[in-house]
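# What the coordinates show
Below are the chains, spelled out letter by letter.
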Amino acid sequence: MNKISSIKITSAFLILSCVWLACNNNNDETDYSGWQKATGNSNGNKYSSLTEIDTNNVNTLQVAWEFHTKDDDTAAHSQIQCNPIIIDGVMYCTSPMLKVFALDAATGTQKWEYSPYDTITENKLGHFNLNNNRGVTYWSDGKDDKRIFYAAGPYLVCLDANTGKPVQSFGDSGKIDLHDGLQMDGVKDLFVTETSPPSVYKNLIIAGTRVSEGMDAAPGDIRAYDAQTGKIVWQFHTIPHPGEAGYETWEDPNAYKYTGGANNWMGMTIDQKRGIAYIPIGSASMDFYGGKRRGSNLFADCMLALDAATGKEKWHFQYLHHDTWDYDPSSAPVLLTVNHDGKKIDAVAQTTKTGFVFLFDRDNGEPLFPVVETPMDTVTDLIGEKIWPTQPIPQKPLPQVRQSLTAKDVNPYLSKPEYDSVVKLLNTVHTGRMFTPQSKTGTIIFPGFDGGAEYGGPAVDPETGILYSNCNQMAWILQMFDINPAEHEMTFKDAGPKLYQQNCMSCHGQDRKGGGNYPSIVDINKKLNKDQFISFINAGRRMMPSFQHLPEMDKEAIASYVLNLTSEQNKKYESKLTAIDSFRILPYEISGYNKFYTKTGAPGLAPPWGVLNAINLNTGDYEWKQNFGEEEYKGAPANLGCENYGGPVVTKGGLIFIGATKDGMFRAYNKRTGKLLWQTKLPAAAFATSATYEVNGKQYVVIACGGGKMGTSSGDSYVAFALSDK
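Values in this document were obtained by computation on a predicted structure and should not be read as measured data. (Residues numbered from 1 in each chain as written. Predicted model: local features only at pLDDT ≥ 70, side-chain atom pairs only at ≥ 80, totals over all residues. Heavy atoms only, no water.)

## Here's the deal with the overall build of the protein
Assigned secondary structure in the protein consists of eight helices and 45 strands. Taking 726 residues into account, the globule formula puts the C-alpha radius of gyration at 27 Å, and the protein, at 26 Å, falls close to it. In terms of overall dimensions, the protein has C-alpha extents of about 105 × 60 × 55 Å along its principal axes. Split into buried and exposed, the 726 residues of the protein put 61% on the buried side. In the protein, the share of contacts with a sequence separation of at least 24, taken over all contacts with a separation of at least 6, comes to 63%. Taken as a whole, the protein presents about 27,800 Å² of accessible surface, with 50% of it coming from carbon and sulfur. Distance between charge centres in the protein, computed from 67 positive and 80 negative side chains, equals 3 Å. (Helix = DSSP H or I, 4+ residues; strand = E, 2+ residues; numbered from the N terminus. Rg over C-alpha atoms; globule rule 2.2 N^0.38 Å. Buried < 20%, exposed > 50% of the residue type's maximum accessible area, 1.4 Å probe, protein only. Contact = heavy atoms within 4.5 Å. Areas by Shrake-Rupley, 256 points an atom, 1.4 Å probe, with all protein chains shown as cover. Lys, Arg positive; Asp, Glu negative; His and termini not counted. Charge placed at Lys NZ, Arg CZ, Asp CG, Glu CD.)

## Details of the sheet that holds strand E39 (residues 649–651)
Ordered by their spatial adjacency, five strands build an open sheet running E1-E39-E40-E41-E42, and the pairing between neighbours is mixed. Only two strands of the sheet have a single partner each, and these edge strands are strand E1 (47–48) and strand E42 (676–681). Two elements, E39 and strand E40 (residues 655–658), share two bridges in a ladder whose sense is antiparallel. From the neighbouring strand, Val650 faces E40, where its bridge partner is Ile656. (Pairing = 2+ DSSP bridges.)

## Section: the environment of Ala475
Its place among the elements puts Ala475 in the loop between strand E30 (466–472) and strand E31 (476–478). A relative accessible area of 1% means that Ala475 is categorised as buried. It is 9.4 Å that separates the C-alpha atoms of Ala475 and Asp450, two residues lying 25 residues apart in sequence. If near-sequence neighbours (up to four positions away) are discounted, Ala475 is found in contact with Leu405, Ile444, Ile445, Phe446, Lys595, Phe596 and Leu605.

## Considering the side chain of Ser331
Structurally, Ser331 can be placed in the loop between strand E20 (313–318) and strand E21 (334–340). In this structure Ser331 comes out as buried when scored by relative accessible area, which is 2%. Those residues in contact with Ser331 that sit more than four places away from it in its chain are Met266, Pro280, Gln350, Thr351, Glu454, Tyr455, Gly457 and Pro458.

## Quick look at the nonpolar core
Residues Ile444 and Phe596 are the most contacted members of the largest nonpolar core, which totals 54 residues. Taken together, the elements giving at least two residues each to this core come down to strand E18 (276–280), strand E19 (302–307), E20, strand E23 (357–361), helix H3 (416–426), strand E28 (443–445), E31 and strand E35 (588–590). If one sorts the elements of this core by residue count, E31 sits on top with three residues. Residues contacting Ile444, with those up to four places away along its chain left out, are Leu405, Leu426, Val429, His430, Thr431, Ala475, Trp476, Ile477 and Phe596. (Core = buried A, V, L, I, M, F, W, Y, C linked by side-chain atoms within 4.5 Å.)

## Here's the deal with the packing of helix H4 (residues 492–503) against helix H7 (residues 552–562)
Where H4 meets H7, the axes come as close as 7 Å, and the angle between the chain directions of the two elements is 100 degrees. With respect to their mutual orientation, H4 and H7 come out roughly perpendicular. In this structure, H4 uses Phe492, Ala495, Gly496, Pro497, Leu499, Tyr500 and Asn503 to contact H7, whose residues at the interface are Met553, Asp554, Glu556, Ala557, Ile558, Ser560, Tyr561 and Val562. For the contact of H4 with H7, the per-class residue count stands at ten nonpolar, three polar and two charged. (Axes fitted to C-alpha atoms, helices over the stretch in contact; angles between N-to-C directions. Parallel < 35°, antiparallel > 145°, perpendicular 65-115°, else oblique. Nonpolar A, V, L, I, M, F, W, Y, C, P; charged D, E, K, R; others polar.)

## Thoughts on the confidence of the model for the protein
Within the protein, residue pLDDT values average 90, and 93% of them lie at 70 or more. The low-confidence segment residues 1–27, where pLDDT is below 50, has eight contacts with residues more than four positions distant or belonging to other chains. (pLDDT = per-residue confidence, 0-100.)

Spelled out as structure tokens, the structure:
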């Protein structure tokens, strides 16, 4: 063989080797250059392969455009949690009042607008719940039929992507009622909506729901709809019916008739090649007392893997048995490929409110790191409750946040009197490790009701397998109170406070002053009269579910108490309970969603109160971890972290983009080191996930600035950033 032939053969071999290596090291053929789906792409990893903006030039970012929806409402704590999508240079996004906008993604110029109120002639306030919306979904037949799907109140709406007009051939003139198909007495009057955008698999739109967290919760069934007609193609009962798998995990054989929840409020991720939908399922109702739903309660608090075409179960894993802490998984899972024990494994990762990260083999649900069923305290003073004796604890990765709270964890920056009062309080309540049972004297919930990880979800770099996750470290106090239900005959004056306890105290507290993200209603009579109040609670608003299911007399009695209508309080109250009404009456109610704060509003827990983590999912080890956000606190140093809501975006250009903090900043970090590279003040806090995309060769980063949480002012804008043309 001559030298030239040898070189040719060697070159050919090298080319083939490179092709082979490329094919075998890039199993994922997902296009990461766009942002065509909320969470970025079909793998849900919030990753972009764009590189124009990188670690060297990110500090020169400028505002490219700002779009105002013009419908924020600070008085009502309105928010924008939407992660916008970009299709063929057009951005689709939502507003605080659930309008949908199509914008030129390069300029922010409006192309069309759709308002769900346009066709409503009756009372707009009481028409439907003004739910928080986290995005829209795009579907196309690959030809000319292009559609946008999203939820407004109890309706799944279908719009023409080109015009914003409802697609008349879908459902009932462009929408379907999410109550339809749910099997429970009186379900039409129950609160049902959809917070996260639905998912697409071929010709199917697969949707979960948000429902009440009380005993009045609707079933959390997963349903697949024909994308063109709106007809239900399949339905999966998350609380099993007789003869279905998991039915035996409920002690009450009639649980499916009366118990609701076990719903997918956080979104799902579909493996488009395998045809498997990975669906996290939330807790069953009522969230904090399980005496009427004893058992391990499948499929609540599960990762549920379903055949996306048929709805048949492939596998499941239960994160938590018999949940009484509202510790459901907190976001849609992420698909990735990891190098595990010398093998490439297609995996699915799930972050949770507890701070754990679970990693499963996509095909069979086997955990890739050991998970140990660990004994837990089961002693409770709540009659009828039966705490599950073990909980599954992953051994790797280590928790993203602290999971225990004792006197050594008290905030050292408190004044001496406040510090002593917090220590004294800790001596009177139940505290220590996670999963401490509820009590009538009070129990510390830590991590808190909002995580750990929360709805923003993590970002994952598919090239490295590193997961980036922002988490809360805030404790809450949960106290259970005995409830004396309204008797058959009494006056509104006596019935009103009891009905308030049963239906309203869990959010607005004993004293009606609110707590957490729930507002005070002490002076609500200055804003609403009786008719307006009843219309308001019939519809619900954002975090508050609808109370349309309550008998009219109950609503009037509550109104007489909350609005202090002395002229109404001598009216005679007579209750008429159905079987399901009787089931819904509990012996206990929670005191409210109360953070572990001092009387002056300072955190009782030592910082940090917010963290940003980088975890290598190939090994389960941390790459770096740091405090996230700024909490202004007199006498304390900077960089203590703060509560945060909204997720990160990671790019091939080496960056992590994230808003999420109540300080109203938008930040960029070096993904390799965690170093802060750039930050800018937004017009309102951004409790949403950003998106990055390219139009005409130029990269943009856009984020919704809606505010409204944690006492921040509400906003109405989307702000896009780009490098200067210069």
